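Next come the chains, spelled out residue by residue.
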Amino acid sequence: MGSAHSMPEEIQELADKTGFTLEQIEHLHRRFKQISGDQPTIRKESFDRIPDLEFNPIRSKIVRAFFDKRNLRQASDGLADEINFEDFLTIMSYFRPMEMNMDEEQQEHFRKEKLKFLFHMYDSDNDGKITLQEYRKVVEELLSRNPHLEKESARSIADGAMMEAASICVGQMEPDQVYEGITFEDFLKMWQGIDIDTKMHVRFLTMEPIAHCH
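Note that this is a predicted model, so its numbers are computed, not measured.

Caption draft 1: Representation of a negative patch on the surface. Together, Asp 103, Glu 104, Glu 105 and Glu 108 line one region of the surface with negative charge. Within the secondary structure, Glu 105 is located in helix H6 (residues 104-122).

Right, here's the structure in full:
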């Protein structure tokens, strides 16, 4: 991508696709160049340049989400080896806040897209549901920096949350009934009434932290 002035049509096309303003795209392009080391694509190791991610307990899942082809809206599954600027903007568009001029249908679609992004972070094997094992792994990662919490305690927290999910999504279960995992429809029920915009932040994409990192 060239400058916004030399390639206005390309920038406008990206704005139409992602919902970002031209100014936001220019800002994100500068950030993309910093992360990529001024290369045309970003690879997973490029995220090592971001200090704010270093101590994030779910760093690996955040980085993985940028290369998940489901999030890139590609037909195939799996992970991309690298992403270009348009891919980068596609991922960043999941973090855009709701716009005041959106009608109810647009808001619902936008909210579902955001929740689908989060769902993919949990559903690491792409089988369409979050299993107990996948949920345990996320909880263990989130709590891994707590020195006072043992692994078994983290598992108990995950198990309790999964039981609560089952009660919300399935209701009263039979003694021999097995809850196989959280589907996306279940996931939507669990997030009903929760403001998704307050839960999705990308603080590490501000320009300052990386500017002094060599």
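Caption draft 2: Structural view of the packing of aromatic side chains. Across all of its chains, the model carries 13 aromatic pairs by this definition. Each ring, one from Phe 47 and one from Phe 66, has its centre 5.0 Å from the other, and the planes form 55°; the classification is tilted. Residue Phe 47 is found in the loop between strand S1 (42-43) and helix H3 (51-54), and its partner Phe 66 is found in helix H4 (residues 59-67); the two are separated by 19 residues along the sequence. Side by side, Phe 47 and Phe 66 carry an identical accessibility label, which is buried. Pairing Phe 187 with Trp 191 gives two aromatic rings, centres 6.0 Å apart and planes at 50°, and the pair type is tilted. Its relative accessible area of 16% is what places Trp 191 among the buried residues. By the ring-pair criterion, three or more aromatic residues cluster together here, those being Phe 32, Phe 47, Phe 66, Phe 67, Phe 85 and Phe 88. Taking NZ or CZ as reference, Lys 44 lies 4.8 Å from the ring centre of Phe 67, over its face. The cationic tip of Arg 96 hangs over the ring face of Phe 20; the distance from NZ or CZ to the ring centre is 5.9 Å.

Caption draft 3: Focus on the pattern of salt bridges. Throughout the structure, instances matching the rule amount to 14 salt bridges. In this structure, the salt-bridge partner of Lys 17 is Glu 86, at a minimum N-O distance of 2.7 Å. With Lys 17 in helix H1 (residues 8-18) and Glu 86 in helix H5 (residues 85-93), this pair connects stretches of sequence that are 69 residues apart. Between Glu 113 and Arg 73 there is a salt bridge, with the nearest N and O atoms lying 3.7 Å from each other. Taken as a pair, Glu 113 in helix H6 and Arg 73 in the loop between H4 and strand S2 (82-83) lie far apart in primary sequence, 40 residues in all. Salt bridges sharing common partners tie together Arg 64, Asp 68, Arg 70 and Asp 123.

Caption draft 4: Spatial organisation of empty space enclosed by the protein. Per the stated rule, a full pass over the model turns up one cavity of 30 Å³ or more. Approximately 40 Å³ is the volume attributed to the largest cavity. Around the largest cavity, the lining residues are Lys 61, Arg 64, Ala 65, Asp 68, Asn 71, His 120 and Met 121. When residues of the lining of the largest cavity are traced back to their parent elements, those giving at least two are H4 and H6. Counted by class, the lining of the largest cavity contains two nonpolar, two polar and three charged residues.

Caption draft 5: Fine view of the packing of helix H7 (residues 132-142) against helix H8 (residues 151-169). Here H7 crosses H8 at 130°, and the two axes come no closer than 9 Å. The angle between the axes of H7 and H8 places the two elements in the oblique class. For the pair H7 and H8, the sense of crossing is right-handed. Judged by residue contacts, Leu 132, Tyr 135, Arg 136, Val 139 and Glu 140 of H7 engage Lys 151, Ala 154, Arg 155, Ile 157, Ala 158, Asp 159, Ala 161 and Met 162 from H8.

Conventions used here
- Residues numbered from 1 in each chain as written.
- Predicted model: local features only at pLDDT ≥ 70, side-chain atom pairs only at ≥ 80, totals over all residues.
- Heavy atoms only, no water.
- Patch = residues over 30% accessible without salt bridge, like charges linked within 9 Å, V, L, I, M, F, W, Y side chains within 5 Å.
- Areas by Shrake-Rupley, 256 points an atom, 1.4 Å probe, with all protein chains shown as cover.
- Salt bridge = Lys/Arg side-chain N within 4 Å of Asp/Glu carboxyl O.
- Lys, Arg positive; Asp, Glu negative; His and termini not counted.
- Charge placed at Lys NZ, Arg CZ, Asp CG, Glu CD.
- Helix = DSSP H or I, 4+ residues; strand = E, 2+ residues; numbered from the N terminus.
- Phe/Tyr/Trp six-rings, centres within 6.5 Å; stacked < 30°, edge-to-face > 60°.
- Buried < 20%, exposed > 50% of the residue type's maximum accessible area, 1.4 Å probe, protein only.
- Lys NZ or Arg CZ within 6 Å of the ring centre and 35° of its normal.
- 1 Å grid on protein atoms, 1.4 Å probe; cavity = no way out; pocket = protein on both sides within 12 Å on 5 of 7 lines; lining within 4 Å.
- Points joined across faces, edges and corners; volume = space filled by probe spheres on them.
- Nonpolar A, V, L, I, M, F, W, Y, C, P; charged D, E, K, R; others polar.
- Axes fitted to C-alpha atoms, helices over the stretch in contact; angles between N-to-C directions.
- Parallel < 35°, antiparallel > 145°, perpendicular 65-115°, else oblique.
- Left-handed = near helix turned anticlockwise from the far one by under 90°.
- Contact = heavy atoms within 4.5 Å.

Taken by themselves, the reported measurements are silent on function.
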